[in-house]
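Each chain, written out:
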Amino acid sequence: MIKSGEPQAPPDFLRALESIGRRRVRPEVRLREVTAPSRIAPFALALTGEVDGTDAAGEPLASGRFIVLHDPAGQESWHGTFRVVTLVRATLDPEQATDPLLGEVAWTWLEEALDHAGVDALAEGGTVTRVLSESFGALAGQANGVDLEIRASWTPRSTDLGPHLDAWSTLLCQAAGLPPLPDGVTPLRSRRNTVGP
């Protein structure tokens, strides 16, 4: 968000915010605007998201962040003036931890979500991390857990960032284990899962 005393947001950034604000996400996803990073780019927006429901430990099925960075002067590593930076975290079944292809599969989820949303992007990159937690001693009776974290960023080719939010929310739902929405089905608008007015 823009605070008083800060430079006026450029038209491209305002168009990007408007496109995000018009987007509907699945009713299971709760979005909230949070303080955006201020050192990476002069203009930024940050959202957090959680998928309704909780796992055995009482945590959300999946959570994450969606950040839009804008530098009107551009940044060489971005290959443009915008950069979308995302994070998705979820707890998986312990059986999935032993799958040697889990990282590749999770990255494929992202690629498919971007493709399905019609996102045209440059310089995609990121990491997939899995952490296996095993309990010992007094905690030995607790179930083992596997935490998956997908960090990704890319450069949009236009100011229409609504599809980018769609792709990220799809990835969030997939990591949570929700079935995909059938083609042609649009989530109903709900006040609690939209970003804009």
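Residues numbered from 1 in each chain as written. Predicted model: local features only at pLDDT ≥ 70, side-chain atom pairs only at ≥ 80, totals over all residues. Heavy atoms only, no water.

S.K.: Just to check I follow, could you spell out the side chain of Arg-83 for this structure?
M.R.: Positionally, Arg-83 belongs in strand 4 (residues 80-92). Here Arg-83 is buried and forms no salt bridge, its nearest opposite-charge partner Glu-124 lying at an N-O distance of 7.5 Å. A distance of 2.8 Å separates the side chain of Arg-83 from the side chain of Ser-153, its partner in a polar contact. A polar contact is formed between the side chain of Arg-83 and the side chain of Thr-155, at a distance of 2.7 Å. Setting aside residues no more than four positions away along its own chain, Arg-83 makes contact with Ile-67, Val-68, Leu-69, Trp-78, Leu-122, Ala-123, Ser-153, Trp-154, Thr-155 and Pro-156. (Helix = DSSP H or I, 4+ residues; strand = E, 2+ residues; numbered from the N terminus. Buried < 20%, exposed > 50% of the residue type's maximum accessible area, 1.4 Å probe, protein only. Lys, Arg positive; Asp, Glu negative; His and termini not counted. Salt bridge = Lys/Arg side-chain N within 4 Å of Asp/Glu carboxyl O. Polar contact = N/O pair within 3.5 Å; in protein donor to acceptor, adjacent residues only side chain to side chain. Contact = heavy atoms within 4.5 Å.)

S.K.: Mind showing me how you'd approach the environment of Pro-11 here?
M.R.: Along the chain, Pro-11 falls in helix 1 (residues 11-21). By relative accessible area, which is 53% here, Pro-11 ends up exposed. When the C-alpha atoms of Pro-11 and Thr-159 are compared, they prove to be 9.7 Å apart, with 148 residues separating the residues in sequence.

S.K.: So what exactly am I meant to see when it comes to the pairing of strand 4 here?
M.R.: Along any regular strand, the residues point their side chains to alternate faces of the sheet. For strand 3 (residues 62-75) and strand 4, the ladder comprises 10 bridges, and the chain directions are antiparallel. Looking at the pairing, Phe-66 lines up with Thr-86 of strand 4. The loop that links strand 3 with its antiparallel partner strand 4 comprises four residues; one of these, His-79, has a positive phi angle of about 65°. Examined bridge by bridge, strand 4 and strand 6 (residues 145-156) share nine bridges and lie antiparallel to one another. Bridging from a neighbouring strand, Val-84 pairs with Trp-154 of strand 6. (Pairing = 2+ DSSP bridges.)

S.K.: For this particular structure, what's the right way to read the sheet that holds strand 1 (residues 29-34)?
M.R.: Backbone-to-backbone hydrogen bonds pair the strands of a sheet. The strands run either parallel or antiparallel. Read across the sheet, six strands follow the order 1-2-3-4-6-5 without closing on themselves; strand pairing throughout is antiparallel. Of all strands in the sheet, those with a lone pairing partner are strand 1 and strand 5 (121-133), marking the two edges. Each strand axis lies, on average, 15° off the axis of its neighbour in the sheet, ignoring direction. Seen against the sheet, helix 1 touches strand 2 (43-51), strand 3 and strand 4 and runs at an angle of roughly 15° to strand 2. (Axes fitted to C-alpha atoms, helices over the stretch in contact; angles between N-to-C directions.)

S.K.: What's the story with the packing of helix 3 (residues 102-116) against helix 4 (residues 162-176) in this structure? I'm lost.
M.R.: Helix-helix packing is characterised by the crossing angle of the two axes and by the distance between the axes. Two elements in contact, helix 3 and helix 4, have axes whose closest approach is 8 Å; the angle formed by their N-to-C orientations is 145°. Every pair of crossing elements has a handedness; the one defined by helix 3 and helix 4 is right-handed. Residues Ala-106, Trp-109, Leu-110, Ala-113 and Leu-114 of helix 3 touch helix 4, and the partners they reach there are Ala-167, Thr-170, Leu-171, Gln-174 and Ala-175. (Left-handed = near helix turned anticlockwise from the far one by under 90°.)

S.K.: Sorry if this is basic, but what is going on with the confidence of the model for the chain here?
M.R.: Low pLDDT means the predicted coordinates in that region are not meant to be read closely. Residues of the chain with pLDDT of at least 70 account for 84%, and the chain-wide mean is 85. With pLDDT under 50 throughout, residues 187-194 is counted as low confidence; its partners more than four residues away or in other chains account for 24 contacts. (pLDDT = per-residue confidence, 0-100.)

S.K.: Got a minute to help me understand the pattern of salt bridges in this structure?
M.R.: Where charged atoms from two side chains of opposite charge approach closely, those side chains can pair. Tallying each qualifying case throughout the model produces nine salt bridges. A salt bridge links Arg-22 to Glu-18; its shortest N-O distance comes to 3.0 Å. For Arg-22, a relative accessible area of 51% gives the class exposed. The salt bridge partner of Arg-157 is Asp-120, with a shortest N-O separation of 2.9 Å. Here Arg-157, found in the loop between strand 6 and helix 4, pairs with Asp-120, found in the loop between helix 3 and strand 5; they are 37 residues apart in sequence, far enough to count as distant. For Asp-120, a relative accessible area of 46% gives the class partly exposed. One salt-bridge network, held together by shared partners, links Arg-30, Glu-50 and Asp-52.

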